[in-house]
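# Fold and geometry: a report
What follows is each chain in one-letter form.
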Protein chains: 2
Amino acid sequence: MSQHADPLTLEVVDLIASVVTRYHEEYEEAACAHNLTGAQARVLSLLSHRPMPMRKVAVRLKCEPSNITGIVDRLEARDLVERRPDPSDRRVKLAAVTEEGRRTEERLRASLDFAREPLARLTEQERATLRDLLRRMLGENAENADEDEDCRDGDAKD
Amino acid sequence: MSQHADPLTLEVVDLIASVVTRYHEEYEEAACAHNLTGAQARVLSLLSHRPMPMRKVAVRLKCEPSNITGIVDRLEARDLVERRPDPSDRRVKLAAVTEEGRRTEERLRASLDFAREPLARLTEQERATLRDLLRRMLGENAENADEDEDCRDGDAKD
DNA sequence: TATTGTTATACTCTATAACTATA
DNA sequence: TATAGTTATAGAGTATAACAATA
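Sequence order as written defines the numbering, with residues in each chain counted from 1. Just so you know, chain letters begin at A and ligand numbers begin at 1, following the order they were written in. A pLDDT threshold of at least 70 governs which residues receive local features in this predicted model, and a stricter bar of 80 or more applies before side-chain atom pairs are shown or counted, although totals over entire chains, interfaces and linings include all residues. Side-chain calculation: all heavy atoms of the structure are included, whereas hydrogens and water are not.

Here we take up unusual backbone geometry. The residue A:Asn35 is not glycine, and still its phi comes out positive at about 60 degrees. We count a stretch as a helix when DSSP gives it H or I for four or more residues in a row; a strand needs E for two or more, and each element gets its number in order from the N terminus. Summarising the element assignment, A:Asn35 is placed in the loop between helix H1 (7-33) and helix H2 (38-49). Positive phi, close to 60 degrees, is recorded for B:Asp79, a residue that is not glycine. Mapped onto the secondary structure, B:Asp79 falls in the loop between helix H4 (65-77) and strand E2 (81-85).

Set out below in structure tokens:
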């Protein structure tokens, strides 16, 4: 380990670190502008796709389920999120955005200009190139991390 | 606002989000493997370049100076960092890595394979292309966010 | 008077463990 | 017995405000 990569690779690493830093700063800023913490914004954004069991939210956020209780509590206290029973399993509570939660999430998303605005500096051809390079960097298994992978019930109950 | 970008742009945005997520996960993991929090690892890494006044650390981490007191306290309790007086201004305390801190930081850095390993999937030509695209995305002012901008004293004392 | 670092406080996020109600 | 969600607890990061030492 500690093998030193070539200068080009190191520069790309640095650039990626800059992207990461900038992305996070803008995300926190946008969340803060709506009186949300980063974690609250992530949960709100996640639930805006579809209602989801508390446990699944924890899995998506990669944190312990007990933490989701508090985060959803705070969102629920502001009427951005609500807990609904799951008809098929009375142990489960489905966290779901309210109408106001959806509006807040839309405003939040609209203010997340980071990725859009700098991308406008690139031509369409360049964006396609960037897409291909990022895809290959991330591997074939990561292209829809936020949209698709949790559509299945995964329970196969009947 | 809330203007919907073209599908290509949205996909690139998604890919960047994946990069950001993965980078952070790996960073936290690497820090955790050395019994460090993310913030502690960032401070350690920052100080490994050179000693720095507490206040400057706060500026670099974009948080309030009072927080740095606690983070450096915890690093100092483990002999990874020490506080030194600044001969030129007795108000200032310079935070500096110890020998053990430097060794820890080196091991930490060596374990941060994320950016190196996936980059190996690209040819040198592709990495150069990626570098150019990221540079243009970030703008001309961001190419050395972690290495260079704090070399100046900024005080012009003498 | 302004600046550096610290303390005190409050809030949020986090993991762990124990609890409950369901399955 | 196992699972979903909660509670309680402790540690860490964060911002704010007030403070001592120094400039």
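In this fold, B:Ile68 is placed in helix H4. With 13 residues separating them in the primary sequence, B:Ile68 and B:Arg55 have C-alpha atoms 8.0 Å apart.

Time to look at the protein's contact with DNA strand D. Looking at DNA strand D, there are 22 residues lining it, with A:Arg55, A:Arg83, B:Thr37, B:Ser66 and B:Arg74 nearest. Among the atoms of DNA strand D close to the protein, meaning within 4 Å, 61% are from sugar or phosphate groups. In this structure, a phosphate oxygen belonging to DNA strand D sits 2.7 Å away from a side-chain N or O atom of A:Arg83. Those elements that provide at least two residues to the surface near DNA strand D are helix H3 (54-61) and helix H4 (65-77) of chain A together with helix H2 (38-49) and H4 of chain B. Residue contributions to the surface near DNA strand D peak at four residues, all from H4(B). Residue classes follow a fixed rule: Ala, Val, Leu, Ile, Met, Phe, Trp, Tyr, Cys and Pro count as nonpolar, while Asp, Glu, Lys and Arg count as charged, and any other residue, Gly among them, counts as polar. Taken together, the residues of the surface near DNA strand D break down into seven nonpolar, six polar and nine charged. When we say a residue is near a molecule or strand, we mean one of its heavy atoms is within 4 Å of it. Residues adjacent in sequence count toward polar contacts only when both atoms are side-chain atoms; beyond that, a polar contact is any pair of N or O atoms within 3.5 Å, and within protein one must be able to donate a hydrogen and the other to accept it.

Next up on the list: the protein's contact with DNA strand C. A:Thr37, A:Ser66, A:Arg74, B:Arg55 and B:Arg83 are the nearest of the 22 residues found near DNA strand C. In DNA strand C, the atoms that sit within 4 Å of the protein are 63% sugar and phosphate, with bases accounting for the remainder. A:Ser66 places a polar side-chain atom, nitrogen or oxygen, 2.6 Å from a base oxygen of DNA strand C. Taking B:Arg55, its main chain carries an N or O atom lying 2.6 Å from a phosphate oxygen of DNA strand C. Looking at the surface near DNA strand C residue by residue, the classes come out as seven nonpolar, six polar and nine charged.

This part takes up the packing of aromatic side chains. All names here are of chain A. Aromatic pairs are defined between Phe, Tyr and Trp rings, using the six-membered ring for Trp, whenever the two ring centres lie within 6.5 Å; interplanar angles under 30 degrees are classed as stacked, those over 60 as edge-to-face, and all others as tilted. A complete count under the given rule lists two aromatic pairs over all chains for this structure. A ring pair is formed by Tyr-23 and Tyr-27, whose centres lie 6.5 Å apart and whose planes are at 10 degrees; its orientation type is stacked. Here Tyr-27 and Tyr-23 lie together in helix H1, a separation of four residues that amounts to about one turn.

With that settled, the discussion passes to the relation of the copies chain A and chain B. Superposition of the copies was done by least squares, using only C-alpha atoms of residues whose pLDDT is at least 70 in both. The two copies are related by a screw operation: chain A maps onto chain B through 180 degrees of rotation and 0.0 Å of translation along the axis, at an RMSD of 0.1 Å. Overall, the copies show the geometry of a two-fold rotation axis. Using C-alpha coordinates, one finds that chain A approaches the rotation axis most closely at A:Val20, a distance of 2.5 Å. The residues that chain A uses at the interface reappear at the interface of chain B in 100% of cases, marking a shared surface. We call two residues in contact whenever any of their non-hydrogen atoms come within 4.5 Å of each other.

Residue and element names in this part refer to chain B. Note on pairing: DSSP must find at least two bridges between two strands before they are called paired. Read from one edge to the other, the open sheet built from three strands follows the order E1-E3-E2, with strand pairing classed as antiparallel. The outermost strands of the open sheet, each flanked by one partner alone, are strand E1 (52-53) and E2. Sheet analysis places E2 next to strand E3 (residues 93-97), joined by five bridges and oriented antiparallel. Counted as the bridge partner of Arg-84 is Leu-94 from E3.

Before going further, it helps to spend a moment on the interface of chain A and chain B. Facing 49 residues of chain A, the contacting portion of chain B comprises 50 residues. Buried area: the sum, over both parts, of the accessible surface (1.4 Å probe) that disappears when the two are put together. Across the interface of chain A and chain B, roughly 4,900 Å² is buried in total on both sides, 70% from carbon and sulfur atoms. Of all residues in chain A, A:Leu15, A:Met137 and A:Leu138 give up the largest surface area on contact with chain B, accounting jointly for 13% of the area buried on that side. By salt bridge we mean one thing: a side-chain nitrogen of Lys or Arg within 4 Å of a carboxyl oxygen of Asp or Glu. On inspection of chain A and its partner chain B, the count reaches six salt bridges. For A:Lys62, the salt bridge is made with B:Glu25, and the minimal N-O distance between the two is 3.8 Å. Scanning the region where chain A abuts chain B turns up eleven residue pairs in polar contact (both at pLDDT 80 or more). Broken down by element, the side of chain A that touches chain B gets its largest block of residues, 16 residues, from H1(A). Class assignment for the residues of the side of chain A that touches chain B results in 25 nonpolar, eight polar and 16 charged.

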